[in-house]
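Below are the chains, spelled out letter by letter.
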Amino acid sequence: MQLEIAVTDAPGTQALELIADGLDQFNLEAAGHADRRTLAVLATDPASGEVVGGLSGRTSLGLLFIDLFYLPPAQRGNGLGSQMLAAAEEEARRRGCRSAVLYTISFQAPDFYVKHGWTVFGQVPCDPPGTSRIFLSKDLSVA
């Protein structure tokens, strides 16, 4: 059977689930288990119950992946982000993760992560010129 290739910025939920489930099955066969789980730490307005920011990622095969982390400007610099990052790291440890990885952009918050024990292991230039993606990791076996 000849398959067609389609590029899209709007894949359906079913397509994304097929990809994730297929990779889980492959991991199960190769590693003996497939343990990918979503992880989110949410900042919620207590008055409205509305989520105003948060951290999202996943855990899999002993590794925490942080994909996105956003707090509104008014909530930065008051320790909330540090508490949220610590909560994600603690949950990852509880799930058996030994390490963590993320990338940020040079104009975002690389120093925030370094301050919390993360180590830069690579940079890749991106746009706009002079900007780079900064890749960081952390050993979670050290509390």
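Just so it is clear, the model here is predicted, and its values are computed rather than measured. (Residues numbered from 1 in each chain as written. Predicted model: local features only at pLDDT ≥ 70, side-chain atom pairs only at ≥ 80, totals over all residues. Heavy atoms only, no water.)

1. Topic: the UniProt feature "domain: N-acetyltransferase" (unreviewed entry) in the protein chain
Those residues carrying the UniProt feature "domain: N-acetyltransferase" (unreviewed entry) are residues 1-141 in this numbering. Its end C-alpha atoms 47 Å apart, residues 1-141 is made of 28% helix and 35% strand. (UniProt positions renumbered as here; feature names shortened; annotations may be inferred. Helix = DSSP H or I, 4+ residues; strand = E, 2+ residues; numbered from the N terminus.)

2. Side note on the sheet that holds strand β2 (residues 51-60)
Backbone-to-backbone hydrogen bonds join strands into a sheet, with any given pair of strands oriented parallel or antiparallel. Taken in spatial order, the six strands of this open sheet run β1-β2-β3-β4-β6-β5, and their pairing is mixed. This sheet does not close on itself; its edge strands, each paired only once, are β1 (37-44) and β5 (119-126). Across the sheet, the mean angle from the axis of one strand to that of its neighbour is 20 degrees, orientation sign disregarded. Direction of pairing for β2 relative to strand β3 (residues 63-70): antiparallel, over a ladder of seven bridges. Within β3, the residue paired with G57 across the bridge is I66. Strands in contact with helix α2 (residues 80-94) are β1, β2, β3 and β6 (131-139); relative to β1, the strand with the most contacts, it is inclined by about 155 degrees. (Pairing = 2+ DSSP bridges. Axes fitted to C-alpha atoms, helices over the stretch in contact; angles between N-to-C directions. Contact = heavy atoms within 4.5 Å.)

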